[in-house]
Amino acid sequence: MARRPLPRILSKDSAQIARMQIARSRELARTAADSATDILHPLITVSRGLRLLASAGRRRWADTPKDKRGPLLFLAASMVLVVALVPYGPLLAVITVMAAAAWQGRDRTPSAPEGPDESQAERLQALYEALVPYFSGAEDPAPLYAHGGEWEKGIVAHEFDDAGRIGHLVIRYPAYFPDGEAAARARIEQLLTAKAGRSREYHFAWDEAGNQLTVTVLAPLPADVPAQRFVTAPGETVLGYTDPSEVQRTLPLSYGEEQIDVPPVVWRTGIRSTEPHLLVMGHPGSGASTLLRSIALQALQYGDVLVVDGGGTGEYACLTGREGVLAVECALVGALASLEWAAQETERRLIAINLARQAGDPPPADTRRPLWLLVDRPGVFAHLAAADGRKDPQALLQVPLRHGRAANVTVVVAEQFDGVEALSDPVRQHTRARVVLGAAAPQQVEAVLGVAPHTTPPAHVPPGRGYARLGSGPVHRLQVPRTPDPYDDATSDADRQAVLELLPPRTTAVAPEPTEVSEPTEVVQSTGLSVPADLTKAQSAAGKATVPAEAVAAAEG
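With that out of the way, let us pick up the overall build of the protein chain. Scanning the protein chain from terminus to terminus reveals 16 helices and 20 strands. The proportion of buried residues among the 557 residues of the protein chain is 41%. If you take every contact in the protein chain between residues at least 6 apart in sequence, the share linking residues at least 24 apart comes to 66%. Here the protein chain displays about 31,200 Å² of accessible surface, and carbon together with sulfur accounts for 57% of that area.

Written out as structure tokens, the structure reads:
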């Protein structure tokens, strides 16, 4: 008896083909329904009319007094008899009833006006007149824009929302307009924003080949999506979500009691990443710490995390003692020791990977486990180190930044705009993935991302709202998932519970009694990483001969 083949698991290509087939089937069904509606439209109209005529007859019979119903029936029977005796009477009666039914069943919905109304036409004319100084030339024999001209010549397409505001515009401009200059574009975009309304966000798409500008009103990004587990592959980190037209991928998320699909901004790290490190810039309260907490919760699924908090506000206290968290340092001495260990760990991984490749073996398991360095506000440590005569901690980031991709080490640096001058050159050069959060000026956004965004800033900027650019790619609007500090009193119970559910379990202490530190010893982590004695030495240098077991456990993990 022949064996029946087992069903094959759908691969990525086959799943994509299946989705295409489902979409094609839906399109065919929709087309067939539209065609059937067009064919059966006369029958639907006559049936609707007959139903209306029957309802009118029932109402007339109910309104007729009982003493007059007999003569009415006699009159109806006489008319039926006359119609039956007249030549071609039944045929003419059927035609008359069908015509009456078709007239009663016609679509009485008032048709929408083809063009704009009087107020909308005045608004478009005012917009056209405002563009005349920018899109007209003195030497143009047939100007496209002229004072007193018709707005239909310059505005190709337009849409208005229910409130009567402009929702979509397609503007044609002359070929001699310098659309390749950023200053000229900025003037037009500022003018259109002022004329269409400053309280909304607009996307400007310049078509240099066709000499057309498309202006689209963007819907605000939802700012209340809670932190949750994202459906991603190892090496993918969700920075936030953006507009559906910018990316070709969606993620299922829980939004209250509903399930929605949002387009994410996915940052890929690892050996094959072209943007292995991230720089986050923003003002105080813009949500940079929220983004770092979101990244840490995602990184702890597959790797280890080392946090260096220069702000010292306890934003990352929820990560202390968790499984996979090597350390959460808030002091200069601990930060120097931790970053020095990170540099040595990067070198150790490079050597181990090189030896394995020379021997023809796969890389060791401890080098394949991702290591994340989250550094928040390193400029504060730079000032403290300069005042104390110590080395700048950012100098220790040079090795992880330069060789982190090969060693599977990822660096994330967050800094405020008032401390941008303290950022070192290696941090500026090797962080090709950039994020700007908060109400930043357009010049600041362009200085960080390299190019200006094609959207206007929102009137109200919630925490975690900004822009993201990965390498040399386009600039995306970004909204970071709501990931507050669960130990903050201002955090709601729902948000606190959502973050606590994503945290890994706490590691147990080694022993309850204090441990005397006589000489530097090496502490071996449960994850396979080794923390050198410099970390313990730096902590004991503060003047304590005995370190409690809880502090040793915190230094270990």
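With that settled, the discussion passes to the pairing of strand β6 (residues 251–255). Of the pairings in the sheet, the one linking β6 to strand β7 (residues 258–262) comprises five bridges and is antiparallel in character. Across the sheet, Leu251 pairs through a bridge with Val262, a residue of β7. Joining the antiparallel neighbours β6 and β7 is a turn of two residues, in which Gly256 adopts a positive phi near 70 degrees.

Before going further, it helps to spend a moment on the sheet that holds strand β2 (residues 166–172). Backbone-to-backbone hydrogen bonds pair the strands of a sheet. The strands run either parallel or antiparallel. Strand order in the open sheet formed by four strands is β1-β2-β4-β3, with antiparallel pairing between adjacent strands. The strands lining the two open edges of the sheet, one partner per strand, are β1 (155–160) and β3 (201–207). The sheet shows a mean angle of 10 degrees between the axes of neighbouring strands, taken without regard to direction. In terms of strand pairing, β2 meets strand β4 (residues 212–218) through five bridges, oriented antiparallel. Looking across to β4, one finds that Val170 is bridged to Thr214.

In this section: the side chain of Asp495. Residue position: Asp495 is located in helix α14 (residues 493–502). Judged by its relative accessible area of 10%, Asp495 falls in the buried class.

Turning next to unusual backbone geometry. Phi at Tyr88 takes a positive value of approximately 55 degrees, unusual for a residue other than glycine. Relative to the assigned elements, Tyr88 resides in the loop between α3 (69–85) and α4 (89–104). Judged by relative accessible area, Tyr88 falls into the exposed class, the value being 66%. Despite not being glycine, Asn408 has its phi angle at roughly 60 degrees, a positive value. Among the structural elements, Asn408 can be located in the loop between α11 (398–407) and β13 (409–416).

This part takes up the pattern of salt bridges. All told, the structure shown has 16 salt bridges when counted by the stated rule. Between Asp243 and Arg477 there is a salt bridge; the shortest N-O distance is 2.4 Å. Note that Asp243 is positioned in the loop between β5 (236–241) and β6 and Arg477 in strand β16 (residues 475–479), a separation of 234 residues in sequence. Ionic pairing is found between Arg369 and Asp304, a salt bridge with its closest N-O pair at 3.0 Å. Residue Arg369 is located in the loop between α9 (365–368) and β12 (371–376), and its partner Asp304 is located in strand β10 (residues 304–309); the two are separated by 65 residues in the primary sequence. On the basis of relative accessible area, Arg369 is assigned to the partly exposed category, the value being 29%. Here the salt bridges share partners, and the residues they tie into one network are Glu201, Asp243, Arg465 and Arg477.

The subject of this paragraph is the environment of Val217. Topologically, Val217 is positioned in strand β4. Sequence separation between Val217 and Thr456 is 239 residues; the distance between their C-alpha atoms is 9.9 Å. Setting aside residues no more than four positions away along its own chain, Val217 makes contact with Ile166, Gly167, Arg200, Glu201 and Tyr202.

Here we take up the packing of helix α2 (residues 41–63) against α4. Packing of α2 against α4 leaves a shortest axis separation of 7 Å and a crossing angle of 95 degrees. Viewed along their axes, α2 and α4 adopt a mutual orientation that is roughly perpendicular. Of the residues in α4, those touching α2 at Thr45, Val46, Gly49, Leu50, Leu52 and Leu53 are Val97, Met98, Ala100, Ala101, Ala102 and Gln104. Its residues assigned to classes, the contact of α2 with α4 shows nine nonpolar, three polar and no charged.

All chains considered together, the criterion is met by eight aromatic pairs. With a centroid separation of 4.9 Å and an interplanar angle of 90 degrees, the aromatic rings of Phe135 and Phe177 are classed as edge-to-face. Taken as a pair, Phe135 in helix α5 (residues 118–135) and Phe177 in the loop between β2 and α6 (182–196) lie far apart in primary sequence, 42 residues in all. Accessibility classification places Phe135 together with Phe177 in one group, the buried group. Every member of this aromatic cluster is reached through a ring pair, and the members are Tyr128, Phe135, Tyr145, Tyr173, Phe177 and Trp206. Residue placement shows Arg465 over the ring face of Tyr467; its charged tip is 5.9 Å from the ring centre.

Once that is clear, we can look at the confidence of the model for the protein chain. The pLDDT averaged across the protein chain works out to 83; a share of 85% of its residues lies at or above 70. Of the regions scoring below 50 in pLDDT, residues 1–13 engages in zero contacts with residues more than four places distant in sequence or in other chains. This stretch, residues 509–557, has a pLDDT under 50; its non-local contacts, to residues over four places away or in other chains, come to 66 contacts.

This part takes up the side chain of Thr64. Relative to the assigned elements, Thr64 resides in the loop between α2 and α3. A polar contact of 2.7 Å, which involves the side chain of Thr64, links it to the backbone oxygen of Arg60. The contact partners of Thr64, leaving out residues within four places of it in the chain, are Arg69 and Leu72.

Turning to α5, a few remarks are in order. For α5, built from 18 residues, the straight-helix expectation of 26 Å at 1.5 Å per residue is met to within 8% by its first-to-last C-alpha distance of 25 Å. Restricting attention to buried positions, one finds in α5 the residues Gln120, Leu124, Leu127, Tyr128, Ala130, Leu131, Val132 and Phe135. Buried-residue contacts for α5 involve β1, β2 and α6.

Of all eight residues making up β13, eight are buried, and the element is well covered by its neighbours. Bridge analysis of strand β9 (residues 278–282) against β13 gives five bridges, and the strand direction is parallel. Following the sheet pairing, Leu279 is matched in β13 by Val413. Summarising the sheet, β12 and β13 pair through six bridges and their orientation is parallel. Residue pairing in the sheet places Val375 in a bridge with Val413 of β13.

So, on to the environment of Leu350. Positionally, Leu350 belongs in helix α8 (residues 332–358). Between the alpha carbons of Leu350 and Ala407 there is a distance of 5.6 Å; along the sequence they are 57 residues apart. Discounting residues that sit within four places of it in the chain, Leu350 has contacts with His403, Ala406 and Ala407.

So, how was this worked out
Residue positions are counted from 1 within each chain, in the order its sequence is given. Two thresholds apply to this predicted model, a pLDDT of at least 70 for residue-level local features and 80 or more for giving and counting side-chain atom pairs, whereas whole-chain, interface and lining totals are computed over all residues. Calculated side-chain values reflect all of the structure's heavy atoms, with hydrogen atoms and water omitted. Under the scheme used here, helices are H or I runs from DSSP no shorter than 4 residues and strands are E runs no shorter than 2 residues, and both carry numbers assigned from the N terminus. Here's how the labels work: a residue is buried when its accessible area is under 20% of the maximum for its type, exposed when over 50%, partly exposed in between, all with a 1.4 Å probe on protein chains only. Whether two residues touch is decided by their heavy atoms; if any such pair falls within 4.5 Å, the residues are in contact. The Shrake-Rupley method, run with a 1.4 Å probe, gives the accessible areas here. Residue values count only the displayed protein chains as cover. Strands are labelled as partners when DSSP assigns at least two bridges between them. To get an axis, fit a line to the C-alpha atoms, keeping to the stretch in contact for a helix; angles then go from 0 to 180 degrees between the N-to-C directions. In what follows, salt bridge is the name for a side-chain nitrogen of Lys or Arg lying within 4 Å of a carboxyl oxygen of Asp or Glu. Every angle not falling under 35 degrees, over 145, or within 65 to 115 is termed oblique; those three ranges are roughly parallel, roughly antiparallel and roughly perpendicular. For this scheme, ten residues count as nonpolar: Ala, Val, Leu, Ile, Met, Phe, Trp, Tyr, Cys and Pro. Four count as charged, namely Asp, Glu, Lys and Arg, and the remainder, Gly too, count as polar. Two rings from Phe, Tyr or Trp (for Trp, the six-membered ring) form a pair when their centres sit within 6.5 Å of each other. Planes less than 30 degrees apart are called stacked, planes more than 60 degrees apart edge-to-face, and all others tilted. Either the NZ atom of lysine or the CZ atom of arginine qualifies as a charge over a ring when it sits within 6 Å of the ring centre and within 35 degrees of the ring normal. For every residue, the predictor states its confidence as a pLDDT score lying anywhere from 0 to 100. In protein, a polar contact means a hydrogen-donor-capable atom and an acceptor-capable atom, both N or O and within 3.5 Å, with residues adjacent in sequence counting only if both atoms are side-chain atoms; elsewhere, any N or O pair within 3.5 Å suffices. Given a helix with a known number of residues, its expected span is that number minus one, times 1.5 Å.

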